[in-house]
2 protein chains.
Amino acid sequence: MPDACLLGDQRDLIDQVLDKWSLSILAVLLRGPHRFNELRREVPEITQKSLAQTLKRLERNGIVERIVLDTRHFAVEYRMTALGRSFEAPRQALAQWASDHLEDVNKARASYDADDDARAAASP
Amino acid sequence: MPDACLLGDQRDLIDQVLDKWSLSILAVLLRGPHRFNELRREVPEITQKSLAQTLKRLERNGIVERIVLDTRHFAVEYRMTALGRSFEAPRQALAQWASDHLEDVNKARASYDADDDARAAASP
DNA sequence: CAGTATCCCCTACGATACTG
DNA sequence: CAGTATCGTAGGGGATACTG
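What you are looking at is a predicted structure, and each value in this text was computed from that prediction instead of being measured. Per-chain numbering applies: the sequence of each chain, read as written, is numbered from 1 onward. Labels are handed out in written order, letters beginning with A for the chains and numbers beginning with 1 for the ligands. With pLDDT at 70 or above as the cut-off, local features in this predicted model cover only qualifying residues; side-chain atom pairs require 80 or more to be listed or tallied, and sums for whole chains, interfaces and linings still use all residues. Note that the side-chain values use all heavy atoms of the structure and ignore hydrogens as well as water.

Residue and element names in this part refer to chain B. Partly exposed describes any residue whose relative accessible area lies between the buried limit of under 20% and the exposed limit of over 50%, with all areas from a 1.4 Å probe on protein chains only and scaled to the type maximum. A run of H or I in DSSP becomes a helix once it reaches four residues, and a run of E becomes a strand once it reaches two; helices and strands are each numbered from the N terminus. Most of strand S3 (residues 75–80) sits out of view: five of its six residues are buried. Two strands are said to pair when DSSP picks up at least two bridges between them. Bridging between strand S1 (residues 34–35) and S3 involves two bridges; their strand directions are antiparallel. Along S3, the bridge assignment pairs Arg-35 with Glu-77. In terms of strand pairing, strand S2 (residues 64–70) meets S3 through six bridges, oriented antiparallel.

What follows covers the pattern of salt bridges. Residues and elements named next belong to chain A. Put simply, a salt bridge is a Lys or Arg side-chain nitrogen that is within 4 Å of an Asp or Glu carboxyl oxygen. Evaluation of the coordinates by the stated rule reveals 12 salt bridges over all chains. Taking the shortest distance from any N to any O, the salt bridge between Asp-19 and Arg-57 comes out at 2.7 Å. Pair noted here: Asp-19 is in the loop between helix H1 (8–17) and helix H2 (22–30) and Arg-57 is in helix H4 (residues 48–60), with a separation of 38 residues, a long-range link. Given the relative accessible area of 27%, Arg-57 is considered partly exposed.

Turning our attention to the protein's contact with DNA strand C. Here a residue is near a molecule or strand as soon as one of its heavy atoms is found within 4 Å of it. With respect to spatial proximity, 19 residues lie near DNA strand C, and among them Arg-35, Phe-74 and Tyr-78 of chain A together with Lys-49 and Ser-50 of chain B are the closest. For DNA strand C, the backbone portion of the atoms within 4 Å of the protein, that is sugar and phosphate, comes to 57%. Between N or O atoms, a polar contact is any pair within 3.5 Å; within protein, one atom must be a potential hydrogen donor and the other a potential acceptor, and residues adjacent in sequence are included only when both atoms are from side chains. The separation between a phosphate oxygen of DNA strand C and a polar side-chain atom of Arg-66 of chain A is 2.8 Å. In the environment of DNA strand C, a base nitrogen lies 3.5 Å from a nitrogen or oxygen atom belonging to the side chain of Gln-48 of chain B.

Okay, the packing of H2 of chain A against H4 of chain A next. All names here are of chain A. Between H2 and H4, whose axes approach to 10 Å, the crossing angle comes to 75°. In terms of their interaxial angle, H2 and H4 are classed as roughly perpendicular. Within the contact between the two elements, H2 uses Ser-22, Ile-25 and Leu-26 and H4 uses Leu-51, Thr-54, Leu-55 and Leu-58. For the contact of H2 with H4, the residue count by class is five nonpolar, two polar and no charged. Interaxial angle, 0 to 180 degrees, is taken between N-to-C directions of lines fitted to C-alpha atoms, where a helix line uses only the stretch in contact. Orientation is classified from the angle alone, with under 35 degrees giving roughly parallel, over 145 giving roughly antiparallel, 65 to 115 giving roughly perpendicular, and any other angle giving oblique. In what follows, a contact means two residues having at least one pair of non-hydrogen atoms within 4.5 Å. Any residue outside Ala, Val, Leu, Ile, Met, Phe, Trp, Tyr, Cys, Pro, Asp, Glu, Lys and Arg is labelled polar, Gly included; the first ten of those are nonpolar and the last four are charged.

Take the sheet that holds strand S1 (residues 34–35) of chain A next. Residue and element names in this part refer to chain A. Taking strand neighbours across the sheet as the criterion, the three strands line up as S1-S3-S2 in an open arrangement whose pairing is antiparallel. On the outer flanks of this sheet lie S1 and strand S2 (64–70), each paired with one strand and no other. Seen against the sheet, H2 touches S1, S2 and strand S3 (75–80) and runs at an angle of roughly 95° to S3.

Before going further, it helps to examine the interface of chain A and chain B. Contact residues are listed per partner, giving 45 residues for chain A and 45 residues for chain B. Throughout, the accessible surface (probe 1.4 Å) given up by two parts as they are put together, summed over both, is called the buried area. Both sides together, the interface formed by chain A and chain B hides about 4,300 Å², and carbon and sulfur atoms give 65% of it. Linking chain A with chain B are two salt bridges. Arg-60 of chain B serves as the salt-bridge partner of Asp-113 of chain A, at 2.8 Å between the closest nitrogen and oxygen. In this structure, the connection of chain A to chain B is made through 12 residue pairs in polar contact (both at pLDDT 80 or more). For the side of chain A that touches chain B, the elements supplying multiple residues, two or more each, are H1, H2, H4, helix H5 (82–86) and helix H6 (88–122) of chain A.

The immediate surroundings of DNA strand D are formed by 20 residues, with Lys-49 and Ser-50 of chain A together with Arg-35, Arg-66 and Phe-74 of chain B found nearest. Each atom of DNA strand D within 4 Å of the protein belongs either to a base or to sugar and phosphate, the latter forming 57%. Separating a base oxygen of DNA strand D from a side-chain N or O atom of Lys-49 of chain A is a distance of 2.5 Å. Arg-35 of chain B is positioned with one of its side-chain polar atoms (N or O) 2.5 Å from a phosphate oxygen of DNA strand D.

Here the focus is the sheet that holds S1 of chain B. Strand pairs in the sheet, formed through backbone hydrogen bonds, run parallel or antiparallel to each other. Taken in spatial order, the three strands of this open sheet run S1-S3-S2 (chain B), and their pairing is antiparallel. A single partner strand is all that each edge strand has here, and the edge strands are S1 and S2 of chain B.

In short, the description is geometric, and any link to function would need to be established separately.
Written as structure tokens, this is what we have:
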């Protein structure tokens, strides 16, 4: 079985970790444990609901750990698990690629869109 | 600017490349150029519509190249661009991670779900 | 503080049919 | 063969309000 090939299970897994907000949250959590509202501040565009949802999913998949610091004062902390840290390599590779090739992609898009416009103008 | 941090542009870019089917298609295309219907056969779960959509997006982002082989006989081929091949490193890292840690994640899920059930049973 | 609960929208995706 | 066009649905995500 070639590892260039993705099985259904792998895709499911990757989807869980690569949804809209996970990468951002993981990036924050990598720097150290954070409280719920700290995460909100670090990723201001996210809503409470999506944050809670994303954290739950990451927790369920063993990527992140939820730690109750104090029952009486509602203090909870999220931190990376070992499994979560193991994800750092691919995450890093992805982020690196994206920042390295942003320019190229933008050029490609511009040229693709220009061609589209040209075609539209040619056959109205 | 720490590269552990994801900017909006990077997220957009990654989203384009990591939608539901892209990784699978990229994996196939990496093995060599493929025709439209060949791709359908290689990724049988995908619908025509989604395949067309995904290919367009990948083409627009410069990841994949669409080549008309013969106008009269509707022969078209898709192949990786240089930019597309540059994505192989992160893609590989991701696939590798997924296959390496499938077990761990499945265990984590099972234990999370078991805890859920336990809680539900405790307070009906 | 750390979340749920609700409502609502929107679009990604699927199924099916059609076409140059 | 290589796609569009159209319709329909599920759920991801936002806004807002509420709670232990």
